[in-house]
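Understanding the architecture of this molecule
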Amino acid sequence: MHANAVPDAERVLELVIQSTRAVLEQRGATLPDTIGRDTALFGQNGLLDSIGIVTLMVDIEQNVFDRFHASIQLADDRAMSQRSSPFRSVGALTDFILSLLNGGA
Amino acid sequence: MTPEPVALITGTRKGIGKYLAEHYVKRGFHTEGCSREPVDWSLDRYTHHCTDVADESGVRAMLDSIRERHGRLDVLINNAGIASMNHCLLTPLATAERIFRTNAIGPFLLIRESAKVMKRRNYGRIVNLGTVATPLKLEGESMYAASKAAVESMTRILARELAPFGITVNLVGPTPIQTDLIRGVPQQKIQAIIDQLAVKRLGRFEDVSNAIDFFIRPESDYITGQVLYLGGA
């Protein structure tokens, strides 16, 4: 990860929500009234199918690069696990991105 | 965004890669290339990266640079490769690992990072280079042929994974061509390979670019996951 100043949690959450909305719009899906930390991204009540998740991850990597000039890698072996996937919800994904921006994960 | 198409070719320092860089520059592509060492030649509309294809952070930095400068990537040609002619009983582990890192892990990293850029425009053409050593089961080339067999398998599967993003993935398997890769191979061994081909001659650079040209045409959007061996192997 190569970053300048690490952005705060609020800005990362906003980026995740905006990116999620953009993917849903691209895919012609119905947008929920609200998207927040508890919104499930995939699984039984999730907003996205597997291709949607892949698209979202790639878009987020590029949006993080464009907005924060930080290069992160969201590939993770737990990606498709409903229990431990860092992509299972908006909140989990936000926390995962923050940990990468802080040099962890 | 760059108005002309952009191609990325790995292993452009010499041999087929250098020829392909010249070929696609002539055909109007903004061509990006890489090798571990710098090149001793230059071309208009060609940018070189000193990148090892098996180095994840180097590959990511190269694709970030392409995305920032061009905003697009149309074609990826996974050409970089190394070979080692040896009996398996005499092949060191370090050699086996080196061959797999460059020949199989490298293309995986290049495809993964390139597809992220291609996906933005829902368009991409990926061509991997294999070898006739795989179908011909050439003795003394077990790790080289196996590493290229891995790329063949990757080609067929990634064609399916990347189809939803408008990206095709195909493989061209050249016959021996007079390059450094076969410099140390005895002439009788080369002749034995040629004898197993339908067309009994060494390959030419133009044979390779002709097959790649076909796969990367915009009209070839319905052709993916295919393996094309040259010379009738």
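A short tour of the structure in this document, coming up. (Residues numbered from 1 in each chain as written. Chains lettered and ligands numbered in written order. Predicted model: local features only at pLDDT ≥ 70, side-chain atom pairs only at ≥ 80, totals over all residues. Heavy atoms only, no water.)

Residues and elements named next belong to chain B. The 7 strands lie next to each other as S3-S2-S1-S4-S5-S6-S7, forming an open sheet whose pairing is parallel. Edge positions in the open sheet fall to strand S3 (46–50) and strand S7 (227–229), since each of these has one partner strand only. Going across the sheet, the axis of each strand differs from the next one's by a mean of 15°, ignoring polarity. Strand direction decides the pairing type here: strand S6 (residues 167–173) and S7, joined by 3 bridges, are parallel. Within S7, the residue paired with Gly173 across the bridge is Tyr229. Packing of helix H5 (residues 142–162) onto the sheet brings it into contact with strand S5 (124–129), S6 and S7, and relative to S6 it is tilted by some 160°. (Pairing = 2+ DSSP bridges. Helix = DSSP H or I, 4+ residues; strand = E, 2+ residues; numbered from the N terminus. Axes fitted to C-alpha atoms, helices over the stretch in contact; angles between N-to-C directions. Contact = heavy atoms within 4.5 Å.)

Let us look at the nonpolar core. Of all hydrophobic cores here, the largest spans 29 residues; its most connected members are Leu56, Ile60, Val64, Leu74, Phe87, Leu93 and Ile97 of chain A. Counting only elements with at least two residues in this core, the list comes to helix H1 (9–26), helix H2 (50–68) and helix H3 (90–101) of chain A. With residues up to four places along the chain from it excluded, the contact list for Ile97 of chain A reads Val12, Val16, Ile60, Val64, Ile72 and Leu74 of chain A. Of all hydrophobic cores here, the second largest spans 27 residues; its members include Leu8, Met62, Ile111 and Val151 of chain B. (Core = buried A, V, L, I, M, F, W, Y, C linked by side-chain atoms within 4.5 Å. Buried < 20%, exposed > 50% of the residue type's maximum accessible area, 1.4 Å probe, protein only.)

The next point concerns the packing of aromatic side chains. Residue and element names in this part refer to chain B. Tallying each qualifying case throughout the model produces 5 aromatic pairs over all chains. Taking 5.5 Å as the distance between ring centres and 45° as the angle between the ring planes, the aromatic pair formed by Phe214 and Phe215 counts as tilted. Residue classification places Phe214 among the partly exposed residues on the basis of a relative accessible area of 34%. (Phe/Tyr/Trp six-rings, centres within 6.5 Å; stacked < 30°, edge-to-face > 60°.)

We now examine the environment of Gly225 of chain B. All names here are of chain B. Inspection of the secondary structure assignment puts Gly225 in the loop between helix H7 (205–216) and S7. Distance in space between the C-alpha atoms of Gly225 and Thr168 is 7.3 Å, their sequence separation being 57 residues. Apart from the residues within four sequence positions on either side, Gly225 is in contact with Thr155, Arg156, Ala159, Val169 and Asn170.

Residues and elements named next belong to chain A. Compared with the 26 Å implied by 1.5 Å per residue over 18 residues, the 26 Å span of H1 between its first and last C-alpha is a close match. Its buried side turned inward, H1 meets H2 and H3. Two residues or fewer after H1 comes Gly28, characterised by a positive phi angle close to 65°. (Expected span 1.5 Å × (residues − 1).)

Listed per partner, the contact involves 14 residues of chain A and 13 residues of chain B. Taking both sides of the interface into account, the surface hidden between chain A and chain B amounts to around 1,100 Å²; carbon and sulfur atoms contribute 48%. In terms of surface lost to chain B, no three residues of chain A exceed Gln62, Phe65 and Gln73 of chain A, which account for 43% of the buried area on that side. For the pair chain A and chain B, the interface holds 4 salt bridges. At the boundary of chain A and chain B, one finds 11 residue pairs in polar contact (both at pLDDT 80 or more). Its residues assigned to classes, the side of chain A that touches chain B shows 6 nonpolar, 5 polar and 3 charged. (Buried area = accessible area lost by both parts, 1.4 Å probe. Salt bridge = Lys/Arg side-chain N within 4 Å of Asp/Glu carboxyl O. Polar contact = N/O pair within 3.5 Å; in protein donor to acceptor, adjacent residues only side chain to side chain. Nonpolar A, V, L, I, M, F, W, Y, C, P; charged D, E, K, R; others polar.)

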